[in-house]
Amino acid sequence: MKTVLITGTSSGYGRATALHFHAQGWNVIATMRERRPDVLPESDRLRIIQLDVTDPESVTAAFEAAGPVDALVNNAGVPSISVFEGTPMARVREVFETNTFGVMATTRAVLPQFRERGSGVVVNVTSSVVLGHMPLSAVYKASKMAVEGFTASLALELAPFGVRAKTVQPGACLTTNFAAKATGGGAPDELVPPPYAPFVRKAMADFTGQDLFTDESDVAETIWRAVHDTTGQLRFPAGPDAVNLAQAS
């Protein structure tokens, strides 16, 4: 029976992915910055481990507790929606610490066992913002584009050892709490310099008025497909809006 370790499983895509892999018969190690046993079912095939991907000691402890795994899904992330001029550099660093450096830290932790065993897969969850030109996402997109580049090079380095690396690019989902977290605790208006206000209002109206959105299940199923893919495909758009963007790019 195979084992997957998934980061950021307390809600959204991470939780849906943990449930999907569990339903398919895998052992699931669901990690969260703060343990919330109530969000996932009790099962002898599902363990919840505390993991803060920005804390090196937490990363080391979590992977020691997890033991051998067959797949790592780097899903943990923090959003950011604002014009760049209104985004404090402290927020920029916070976004990169989780979205970029956190992915690298957990990947580094798992690679020795994958390489020595000659098998394993790393799936890094990015975003459909990497597929098109989208406003209000400069910081977030930069953090996810960095992961795209990291994963593309990583896949080449790992191929001689039989280890795979992939990215999954979710579209926009209305059922996650992305927008609520995107301002880092501040109200959106607080991060928008007044000259940008009309632009921001139009951009947000265009976003909420789009026809296609992504479901959490779309992302979970695409991660499942990426984990099992052996064709060499590197990037997997998830959700109808993401697929459309990928086809147009």
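Because the structure is predicted, anything quoted here is derived from the model rather than measured. Throughout this document, residue positions are counted from 1 along each chain, in the order its sequence is written. For a predicted model such as this one, the threshold for reporting local features is a pLDDT of at least 70, and the threshold for listing and counting side-chain atom pairs is 80 or more; totals across whole chains, interfaces and linings nevertheless cover every residue. Side-chain measures were taken over the full set of non-hydrogen atoms in the model, leaving aside hydrogen atoms and water.

A. Just the overall build of the protein chain, in detail. For helices the rule is a DSSP run of H or I covering at least 4 residues; for strands it is a run of E covering at least 2, with both sets numbered from the N terminus onward. A count of helices and strands for the protein chain gives eight helices and seven strands. What you see for the protein chain is a C-alpha radius of gyration of 18 Å, in line with the 18 Å of a compact globule of 249 residues. Dimensions along the principal axes, computed over C-alpha positions, put the protein chain at roughly 55 × 35 × 30 Å. Contacts were defined at the residue level, with two residues in contact if any of their heavy atoms lie within 4.5 Å. Summarising the internal contacts of the protein chain: among those between residues at least 6 apart in sequence, 69% fall at separations of at least 24. For every accessible area listed, the method is Shrake-Rupley and the probe measures 1.4 Å; residues are considered covered only by the protein chains on display. Of the roughly 11900 Å² of accessible surface on the protein chain, a fraction of 56% belongs to carbon and sulfur atoms. We count Lys and Arg on the positive side and Asp and Glu on the negative side, and we leave His and both chain ends out. For the purpose of locating charges, the reference atoms are NZ of Lys, CZ of Arg, CG of Asp and CD of Glu. With 21 positive and 25 negative side-chain charges, the protein chain shows a spacing of 4 Å between the two charge centroids. Atoms considered for the radius of gyration are the C-alpha atoms alone. The globule rule reads 2.2 Å times the number of residues to the power 0.38.

B. Quick peek at the packing of aromatic side chains. When two rings of Phe, Tyr or Trp (its six-membered ring) have centres within 6.5 Å they constitute a pair, described as stacked for plane angles under 30 degrees, edge-to-face for angles over 60, and tilted for the intermediate range. Overall, the coordinates contain five aromatic pairs when judged by the stated rule. Aromatic pair Trp 26 and Trp 224: ring centres 5.9 Å apart, planes at 65°, arrangement edge-to-face. Here Trp 26, found in the loop between α1 (12–23) and β2 (27–32), pairs with Trp 224, found in helix α7 (residues 216–228); they are 198 residues apart in sequence, far enough to count as distant. Buried, partly exposed and exposed residues are distinguished by accessible area as a fraction of the type maximum, computed with a 1.4 Å probe on protein chains only: under 20%, between the cut-offs, and over 50%, respectively. With a relative accessible area of 9%, Trp 26 lands in the buried category. Ring plane angle 50° and centroid distance 6.5 Å describe the contact between Phe 96 and Phe 101, whose orientation is recorded as tilted. Linked through ring pairs, Phe 21, Trp 26 and Trp 224 together constitute an aromatic cluster.

C. Structural context of the pattern of salt bridges. A pair is scored as a salt bridge if a Lys or Arg side-chain nitrogen falls within 4 Å of a carboxyl oxygen belonging to Asp or Glu. According to the stated counting rule, one finds six salt bridges in the structure shown. As a salt-bridge pair, Glu 94 and Arg 91 come within 3.1 Å of each other at their nearest N and O atoms. Here the residue Glu 94 and the residue Arg 91 both occupy positions in helix α3 (residues 89–117), the gap between them amounting to three residues, near one helical turn. The class of Glu 94 is partly exposed, set by a relative accessible area of 38%. Exposure remark for Arg 91: the relative accessible area of 9% places this residue in the buried category.

D. Local environment of the sheet that holds strand β7 (residues 235–238). Note on pairing: two strands pair once DSSP finds at least 2 bridges between them. Strand order in this open sheet of seven strands is β3-β2-β1-β4-β5-β6-β7, and the pairing throughout is parallel. Of all strands in the sheet, those with a lone pairing partner are β3 (46–50) and β7, marking the two edges. Mean inter-strand twist for the sheet, computed between neighbouring axes without regard to direction, equals 20°. Two strands pair when backbone bridges link them, and strand β1 (residues 3–6) and β2 are joined in this way by four bridges, in the parallel orientation. In the sheet register, Thr 3 faces β2, and the bridge partner there is Asn 27. The axes used here are C-alpha line fits, helices contributing only the stretch in contact, and every angle between their N-to-C directions lies in the interval 0 to 180 degrees. Strands in contact with α1 are β1, β2, β3 and β6 (164–170); relative to β1, the strand with the most contacts, it is inclined by about 170°. Against the sheet, α7 touches β4 (71–74), β5 (121–125), β6 and β7, its axis set at about 165° to β6.

E. Representation of the environment of Pro 56. Looking at where Pro 56 falls in the secondary structure, it is placed in helix α2 (residues 56–66). Overall, Pro 56 belongs to the exposed group, its relative accessible area being 62%.

F. Focus on the packing of α1 against α7. The contact between α1 and α7 brings their axes to 8 Å, and the two run at 55°. Comparing their axes, α7 and α1 come out oblique. Crossing handedness for the pair α1 and α7: right-handed. Listed contacts from α7 to Gly 12, Tyr 13, Ala 16, Thr 17, His 20 and Phe 21 of α1 are Glu 216, Val 219, Ala 220, Glu 221, Ile 223, Trp 224 and Val 227. Roughly parallel means an angle under 35 degrees; roughly antiparallel, over 145; roughly perpendicular, 65 to 115; everything else is oblique. When the near helix sits turned anticlockwise from the far one by under a right angle, the crossing is termed left-handed; a clockwise turn instead gives a right-handed crossing.

G. Quick peek at unusual backbone geometry. Phi angles above zero are rare outside glycine, and Leu 136 is one such case at about 65°. Structurally, Leu 136 can be placed in the loop between β5 and α4 (138–158). Overall, the relative accessible area of 10% leaves Leu 136 in the buried class.

H. The nonpolar core, seen in detail. By nonpolar core we mean a set of buried residues, namely Ala, Val, Leu, Ile, Met, Phe, Trp, Tyr and Cys, connected to one another through side-chain atoms within 4.5 Å. Counting 26 residues, the largest nonpolar core has Ile 223 and Val 227 as the members making the most contacts within it. The element best represented in this core is α7, accounting for four residues. In this structure, Ile 49, Val 110, Ala 155 and Leu 234 belong to the second largest nonpolar core, which totals 22 residues.

Geometric values such as these leave the question of function open.
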